[in-house]
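Here is how the chains run, residue by residue.
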Amino acid sequence: MSHLAAPASPPPAPNPSPDAGEDPSCSSPPPTERARRSAVVVVMGATGAGKSRLAVDLAAHFPGVEVVSADSMQVYRGLDVLTNKVPLHEQNGVPHHLLSIIDPSVEFTCRDFRDHAVPIIDDILGRGGLPVIVGGTNFYIQALVSPFLFDDMAEETKGCTSSDHLDDIGLADDNQGNGCYERLKDIDPIAAQRIHPNNHRKIKRYLELHATTGALPSDLFQGETAEEKWGRPSNSKYECCFLWVDADLHVLDNYVNERVDCMVNAGLLDEVCNIYDPDAIYTQGLRQAIGVREFDEFFRLYLTKIVTDKIKLGCSSITKLDVGDDKLESLLDEAVCQLKANTRRLVRRQRRRLHRLNKDFGWNLHHIDATEAFQCTTGDSWHNKVVKPCEDIVKRFLSGDTTLASEDSSSNIGGTRAASRELWTQYVCEACDNRVLRGAHEWEQHKQGRGHRKRMQRLKQKTKIIIA
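Residues numbered from 1 in each chain as written. Predicted model: local features only at pLDDT ≥ 70, side-chain atom pairs only at ≥ 80, totals over all residues. Heavy atoms only, no water.

Observations concerning the confidence of the model for the protein chain
Threshold: Confidence of the predictor in every single residue is expressed as pLDDT, which spans 0 to 100. The criterion used for residue contact is that any of the two residues' heavy atoms lie within 4.5 Å.
The predicted model of the protein chain averages 78 in pLDDT, with 72% of residues at 70 or higher. In this model residues 406-421 is a low-confidence stretch, pLDDT under 50, and it forms 23 contacts with partners more than four residues away in sequence or in other chains.

Written out as structure tokens, the structure reads:
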């Protein structure tokens, strides 16, 4: 198979003579050269879909590939097994960026990701390389390619927020989540509708903005500028080729279940035990990762009952054989089952988000179905069904093939505006323990879910019994 040569740097333009007139063709490169100078490949997909594997495989076909991770948990140091970081031996010599660089206790936002990623991407491009952005944190990627961030608006308006301001509005203590949400509802009920009550970080940002400027966050988000820019990749400084690796849901579910079992065998419990703190807050830093909170009840009992010298010295690996207690065995099984279930839910949220980016926000996502590659573990199925189609798409992208371009994005602006406004509607499902859903799309998806339907069926049966 022939390999595509590295994109050649355009030859230096000749110095114009003093009396030469201005020629636009001399000062501005052709569109295809401009695209190649800022070409970025973005590999997206749900967790377990094979994004990292594809990125490394693409490096065999395109010289200069460097991977930039866009994963909100892999950016932290620690929990390498749980967060499924690519081991060094599987990176095959391909440079990987933004892995294990942030302290586990530090908050790392979408804006932080963008501010870290942009200089790295620009450096790769400046050396004639091809940046490949890889990650399941779609909001990180959106922050990178979309020119509109709420953080930027707030910064332009408020400047720096002093600790005195935080004390004045009672935000210096991060543990006042419920009180902060009620305060936001009083100040700006429209903005409160847009935020999940458990999203303490965003609630705090909105209150900070109002306290320092007097501006209502809802006024910023509902403006025409916000509706036109929100979530769209238009006007990005990069020319992006989006690859969406996907598979049938039941295939991804099975893979997730198997991967969790492999993680447990590879030392997941030891990792979580090392960062376990009974007084920890699970809404910030690395402890937000799926697979930490789920083991809280298990470790509370485990560390109370199993306190031996070898545990204190860290000389033992925690496995089911070490537990030796029926209650602990039961708690461990429940925690592993909950980890699998929460990861499967994450897969569904990620897939829904990708569908919306493609449909409502004008992203041109090239959908690659890896179902057959997952089901066939022998031969060249992964290469033929996943790598080869992606290789062809990237080749055409780098050559400036205009047939890869999406339809005129202006035709979808109305849909984007509707999607933006729709997120301001909040639904509460009383049947499911007052679960909060944002927007009609999430609400409809929730109503179709198996768990909601079962609860509704039970409520109907109880109603019939009461009436009888």
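Some details on helix α4 (residues 110-126)
This is how it is decided: Each helix is a run of H or I in the DSSP string that is no shorter than four residues. Each strand is a run of E no shorter than two, and both are numbered from the N terminus. To estimate the expected span of a helix, subtract one from its residue number and multiply by 1.5 Å. To sort residues, take the accessible area from a 1.4 Å probe on protein chains only and compare it with the maximum for the residue type: under 20% means buried, over 50% means exposed, and anything in between is partly exposed.
Taking 1.5 Å of rise per residue, 17 residues should cover 24 Å, and α4 covers 24 Å from first to last C-alpha, within 8% of that figure. Among all positions of α4, only Phe-113, Arg-114, Ala-117, Val-118, Ile-120, Ile-121, Ile-124 and Leu-125 are buried. Directly beyond the C-terminal end of α4, a positive phi value near 80 degrees is found at Gly-128.

Structural notes on the packing of helix α15 (residues 296-305) against helix α18 (residues 326-360)
As a reminder, the rule being used: For every element, the axis is a line fit to its C-alpha atoms; helices are fit only across the contacting stretch, and the angle between N-to-C directions ranges from 0 to 180 degrees. Should an angle fall under 35 degrees it is taken as roughly parallel, and over 145 as roughly antiparallel, whereas 65 to 115 is taken as roughly perpendicular and any remaining angle as oblique. The sense of a crossing depends on the near helix, which, turned anticlockwise from the far helix by less than a right angle, makes the crossing left-handed and, turned clockwise, makes it right-handed.
Where α15 meets α18, the closest approach of the two axes is 8 Å, and the angle between their N-to-C directions is 155 degrees. The orientation of α15 relative to α18 falls into the category roughly antiparallel. Pair α15 / α18 crosses with left-handed handedness. Here α15 contributes Glu-297, Phe-298, Leu-301 and Tyr-302 to the contact with α18, which in turn contributes Lys-327, Leu-328, Leu-331 and Leu-332.

Digging into the sheet that holds strand β2 (residues 65-69)
What counts is decided by this rule: When DSSP finds at least two bridges between two strands, those strands are taken to pair.
The strand order across the open sheet built from 6 strands is β3-β2-β4-β1-β5-β6, with neighbouring strands paired in parallel fashion. Edge positions in the sheet fall to β3 (96-97) and β6 (365-369), since each of these pairs with one other strand and no more. Where strand β1 (residues 39-45) meets strand β5 (residues 239-246), 7 bridges bridge the pair, whose relative direction is parallel. Its bridge partner being in β5, Val-42 is matched across the sheet by Phe-242. Its contacts with the sheet place helix α5 (residues 138-145) against β1, β4 (130-134) and β5, and it is angled at close to 160 degrees to β1.

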